[in-house]
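Now for the letters of each chain:
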Amino acid sequence: MASDAPHPPRPLLELVDVEAGYGRAALVLRGLTVRVPAATIVCLVGPNGAGKSTVLKVASGMLTPRSGTILVDGVDVTRNGAQDMIKSGLSHVLQGHSVFKEMTVAENVGLGAYTVRDKALVAERTDFVKTLFPIVAERWGDLAGSLSGGQQKQVEFARSLMVSPKVVLLDEPSMGLDPKRTTAMFEQIVRMRDAGIAVLLVEQNARRALETADIGCVLDLGRVHITGPAPELLADPRLAELYLGGRPAVPTNAAAGA
Ligand SMILES: Nc1ncnc2c1ncn2[C@@H]1O[C@H](COP(=O)(O)OP(=O)(O)O)[C@@H](O)[C@H]1O
Ligand SMILES: [Mg+2]
């Protein structure tokens, strides 16, 4: 098929009809479908406990789905474990984790390349992440613990890009950041997208995330309940009522929600 065809490119990551859960407990994901096109930020929003992290765990091979299919660039990787998912092109920035504070920025970023044998490629990726995240280059020799929370998040992003991923999975990157640093952090995600990387972002901070994302998906009862261009979701009164809280797009008399 011609690559300059006018229709959207094949998604880089597809989770199709995924069912997943933990042990004998009830399923968390109940037929979830999400597609992430190239160079696009797809944001999955939903309240605490909705299953957002579970979606990323399934995508990165940390959790095997009960049923459904995972495709990367059209290749079925459903049964891949975590190491093979990295080789397939998925890199996962975990929720709540951070840098190793007693190690330098360089050492932290270098850890992301521990599976990469090709030294020339490691050097090339190092240059790439230093260019993409100037603060990483500036603070290269400093202890990671001496950086601000937002700067440490950039070190994590840089680390995740060392494996040349097709898709980066970001779990609640705004967690623990104040509003100003959250804005700066979302700008870094846009820079990743503009560098050609596809991003699957999950956030409880729905409004801020949808202001950044290209496509939004609302997770409800283990499925994607509403999906569409992020600006449309922001203006969708159902979403304002259900998830965004505080400042609904359509004025109501309801008190500020969660
Ligand atoms: N390791 C686990 N073992 C058992 N249950 C889990 C585990 N991780 C998450 N859960 C449960 O799965 C559901 C979804 O969790 P999670 O995906 O972390 O939600 P979110 O990221 O949207 O807050 C919750 O009910 C949570 O308690
Ligand atoms: Mg979570």
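Summary of the structure given here. No experiment lies behind these values; they were computed from the predicted model shown.

### Overview of the sheet that holds strand β5 (residues 75-76)
Right, on to step 1. Taken together, the 4 strands give an open sheet; going across it, the order is β2-β1-β4-β5, and neighbouring strands pair in antiparallel fashion. A single partner strand is all that each edge strand has here, and the edge strands are β2 (29-36) and β5.

### Let's talk about the sheet that holds strand β7 (residues 167-171)
Right, on to step 1. Reading across the sheet, the 6 strands line up as β6-β7-β8-β3-β9-β10 and stay open at both edges, with mixed pairing between neighbours. For this open sheet the edge positions go to β6 (90-93) and β10 (223-229), each flanked by a neighbour on one side alone. Averaged over all adjacent pairs, the angle separating strand axes in this sheet is 20 degrees, with direction ignored.
Right, on to step 2. With 4 bridges connecting them, strand β3 (residues 41-45) and strand β9 (residues 215-220) associate as parallel partners. Bridging from a neighbouring strand, L44 pairs with C217 of β9.
Right, on to step 3. Contacting β3, β6, β7, β8 (198-203) and β9, helix α1 (residues 52-59) runs over the sheet at an angle of about 150 degrees to β7.

### What to know about the pattern of salt bridges
Right, on to step 1. Scanning the model with the defined rule gives 11 salt bridges in all.
Right, on to step 2. A salt bridge links K153 to E156; the nearest nitrogen and oxygen atoms lie 3.0 Å apart. Separated by 3 residues within a single helix, K153 and E156 lie in helix α6 (residues 149-161), roughly one turn from each other.
Right, on to step 3. Take K153: its relative accessible area is 7%, and that puts it in the buried class.
Right, on to step 4. R238 is paired through a salt bridge with D236; the nearest N and O atoms lie 2.9 Å apart.
Right, on to step 5. Take D236: its relative accessible area is 12%, and that puts it in the buried class.
Right, on to step 6. What emerges from the salt-bridge pattern is a single network uniting R193, D194 and D214.

### Focus: the site of ligand 1
Right, on to step 1. Every residue close to ligand 1 is listed here: Y22, V28, P47, N48, G49, A50, G51, K52, S53, T54 and K57.
Right, on to step 2. Within the side chain of Y22, one N or O atom sits 3.5 Å away from a nitrogen atom of ligand 1.
Right, on to step 3. Backbone polar atom of A50 to an oxygen atom of ligand 1: 3.2 Å apart, as the coordinates give it.
Right, on to step 4. Calculation on ligand 1 without its partners gives an accessible area of 560 Å², and the protein chains cover 58% of this total.
Right, on to step 5. Taken together, the residues of the shell around ligand 1 sort by class into 4 nonpolar, 5 polar and 2 charged.

### What to know about helix α7 (residues 179-194)
Right, on to step 1. Between the first and last C-alpha of α7 there are 23 Å, a value that for 16 residues agrees with the 22 Å anticipated at 1.5 Å per step.
Right, on to step 2. Regarding α7, the residues found buried are T182, M185, F186, Q188, I189, M192 and R193. Within α7, the buried residues cover an arc of 150 degrees as seen down the axis, which keeps them to one side. Among the exposed residues of α7, those oriented more than 90 degrees off its buried face are K180 and D194.
Right, on to step 3. Turning to α7, the residues buried within the fold contact β3, α4 (119-132), α6, β7, β8 and α8 (206-212).

### Remarks on α4
Right, on to step 1. For α4, built from 14 residues, the straight-helix expectation of 20 Å at 1.5 Å per residue is met to within 8% by its first-to-last C-alpha distance of 20 Å.
Right, on to step 2. Measuring from the side-chain oxygen of the N-cap residue of α4 to the backbone nitrogen of A120 gives 3.0 Å; that N-cap residue is D118.

The rules behind these values
Residues numbered from 1 in each chain as written. Chains lettered and ligands numbered in written order. Predicted model: local features only at pLDDT ≥ 70, side-chain atom pairs only at ≥ 80, totals over all residues. Heavy atoms only, no water. Pairing = 2+ DSSP bridges. Helix = DSSP H or I, 4+ residues; strand = E, 2+ residues; numbered from the N terminus. Axes fitted to C-alpha atoms, helices over the stretch in contact; angles between N-to-C directions. Contact = heavy atoms within 4.5 Å. Salt bridge = Lys/Arg side-chain N within 4 Å of Asp/Glu carboxyl O. Buried < 20%, exposed > 50% of the residue type's maximum accessible area, 1.4 Å probe, protein only. Near = heavy atom within 4 Å. Polar contact = N/O pair within 3.5 Å; in protein donor to acceptor, adjacent residues only side chain to side chain. Areas by Shrake-Rupley, 256 points an atom, 1.4 Å probe, with all protein chains shown as cover. Nonpolar A, V, L, I, M, F, W, Y, C, P; charged D, E, K, R; others polar. Expected span 1.5 Å × (residues − 1). Arc of directions from axis to C-beta.

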